[in-house]
Amino acid sequence: MSKKKGSTQVTIFPDWCKGCGICAAFCPGKVMIVDQTGKAKVVREEECINCGFCELHCPDFAIMVSPKNGAPERDAAQDDGPAAPAPAPEAAPAPTAPVPKAAASKAKAQKTAAKKAPAKKAAQRDPNKKA
Amino acid sequence: MSEVTQLIHQYLRHNKKFPHVLCPGCGHGIAMGSIVRSVHAQGWSKDDVVVVAGIGCSGRIAVYMDFNTVHTTHGRALTFATGIKMAKPEMHVIVIMGDGDALSIGGNHLIHAARKNIGLTAIILNNNIYGMTGGQCSSTTPTGDFSMTTPYGQLEKSFDIVELARAAGANFVARGTAFHAQQLDRIMTTAFGRPGFNLVEVFTPCHTQYGRKNKFKNPVEMYKHISKTTMPLEAWSKLEPEKRAERTPVGVFVERDEPGLEERYMEMKKKLLGSAQ
Ligand SMILES: Cc1ncc(C[n+]2csc(CCOP(=O)(O)OP(=O)(O)O)c2C)c(N)n1
Ligand code: SF4
Ligand code: SF4
Ligand code: SF4
């Protein structure tokens, strides 16, 4: 993906964002703010230089930076990102797999379900939950 | 860059409740992303990876990742992991522990796992505090710092995890931070591909239990603090000795290539079987 300013689309998944402010504080283009609802919001998408900081440092995996339609893919020589991902292992799902948004709404549905269920039952459902 | 978030989502268990349970800005979440990317960079199949976690906020992250996972007991993750590696040496074993987990209750297991040089990667998410149980001081709470159990400041000295692991005989010892995710990815990817006992310490801010008691207004201030107070090992080594105390070096401290315990065991087994015939 190109590092040219303005060639990216920055998406926040509000269901997953906890409004910690890391993205807003460190984004070199000041692309997002945390708004009154306590969630990150994209306000200057055209200033994004596709540095990748926000995606790597969002503790909740709630930001996605993707090429705008028709924007050239970043060339390999420019990629100083994380250790270049090796070819996907066989068992790993195809790269086109789960779109976070769908997963997020699923999670939300679960959340409401958990709310309705008595607290004790909800805890039982997760055998990994202990303290 | 779009591959980053999408990739992580591919390794999550979407039947778990998201967003995850960790507080806003908790560094453990960033470390989890780094673990996922580094496993992916190794090209390992999910089924060949075992993540063994202790108990604590740090231990919780194993619940969300779609590998073989074992959420064990507080302090004992390395003992379970040692058993797993000895029984199934072909598995890639990653152990996730908090600082309380790894160094207080589990300190004994840590030094012995390093001494035995059992083939796995131990990741210590060091937030200088017992996060999950309400902010008691841990053995890495810096002298003078405040916690629930040190309301007038910590009197004791804290462990230097890197020096401890080095002295105990670990094959590979590195320190990274949740603020430097690219470097952390490189460190973890390296650690995952190596023989013997590999230890990675990660500074992960806990604003809820540690930051608030130590004058950090919000999680962001804690990340700024990490950025100001750490330095790559190479640059740090060139500092005048009296200036070194102001900064904490990050990077790779130890790189040895001794074979892991499970490899030595297999060799012994082969030898003994051979002489029996
Ligand atoms: C044997 C045992 N002793 C004590 C506890 C209570 N306990 C749960 S988590 C924890 C400490 C967590 O601190 P740390 O390991 O630093 O992880 P963090 O939550 O900070 O990530 C303690 C003491 C327990 N679960 N089991
Ligand atoms: S870093 Fe992630 S969780 Fe934090 S405010 Fe930004 S999008 Fe939300
Ligand atoms: S990729 Fe970099 S410039 Fe673009 S929004 Fe994220 S942090 Fe800002
Ligand atoms: S208490 Fe601290 S370590 Fe635990 S989730 Fe919250 S910020 Fe993270």
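See the structure printed just above.
Worth saying up front: this structure is predicted, and the values here are computed from it rather than measured.

Our focus in this paragraph is the site of ligand 1. Of all residues adjacent to ligand 1, which total 18 residues, the nearest are H28, C57, G100, D101 and G131 of chain B. Neighbouring residues of ligand 1 are not confined to a single chain but are spread across chains A and B. One of the backbone N or O atoms of G100 of chain B is found 2.9 Å from an oxygen atom in ligand 1. Contact between ligand 1 and D101 of chain B: an oxygen atom at 2.8 Å from a main-chain N or O atom of the residue. For ligand 1, whose unbound accessible area comes to 590 Å², protein coverage reaches 77%. Elements that contribute at least two residues to the shell around ligand 1 include exactly α3 (57–64), α5 (99–105) and β5 (129–130) of chain B.

Moving on to the site of ligand 3. Taken together, the residues surrounding ligand 3 are V10, C27, P28, V31, M32, C48, I49, N50, C51, G52, C54 and V65 of chain A. For the shell around ligand 3, a count of residues per class yields 10 nonpolar, two polar and no charged.

Time to look at the packing of aromatic side chains. Applying the stated criterion across every chain yields a total of eight aromatic pairs over all chains. Chaining the aromatic ring pairs together yields one cluster made of F26 and F53 of chain A together with F179 and Y223 of chain B. Just above the ring of Y11 of chain B sits the side chain of K46 of chain B; from NZ or CZ to the centre is 5.3 Å. Positioned above the aromatic ring of W236 of chain B, the side-chain terminus of R244 of chain B is 5.0 Å from the ring centre.

Residues and elements named next belong to chain B. Scanning all chains against the criterion turns up 12 salt bridges over all chains. Between K46 and D66 there is a salt bridge whose closest N-O contact spans 3.3 Å. One end of the pair, K46, is in the loop between α2 (27–42) and β1 (49–53); the other, D66, is in the loop between α3 and β2 (68–71), with 20 residues separating them in the sequence. We note a salt bridge from E255 to R194, for which the minimum N-O separation is 3.9 Å. Of this pair, E255 sits in strand β10 (residues 248–255) while R194 sits in the loop between α8 (181–192) and β8 (197–203), and the two are 61 residues apart along the sequence. Beyond isolated ion pairs, a larger network of salt bridges with shared partners links R13, K46 and D66.

Quick notes on the rules
Residues numbered from 1 in each chain as written. Chains lettered and ligands numbered in written order. Predicted model: local features only at pLDDT ≥ 70, side-chain atom pairs only at ≥ 80, totals over all residues. Heavy atoms only, no water. Near = heavy atom within 4 Å. Polar contact = N/O pair within 3.5 Å; in protein donor to acceptor, adjacent residues only side chain to side chain. Areas by Shrake-Rupley, 256 points an atom, 1.4 Å probe, with all protein chains shown as cover. Helix = DSSP H or I, 4+ residues; strand = E, 2+ residues; numbered from the N terminus. Nonpolar A, V, L, I, M, F, W, Y, C, P; charged D, E, K, R; others polar. Phe/Tyr/Trp six-rings, centres within 6.5 Å; stacked < 30°, edge-to-face > 60°. Lys NZ or Arg CZ within 6 Å of the ring centre and 35° of its normal. Salt bridge = Lys/Arg side-chain N within 4 Å of Asp/Glu carboxyl O.

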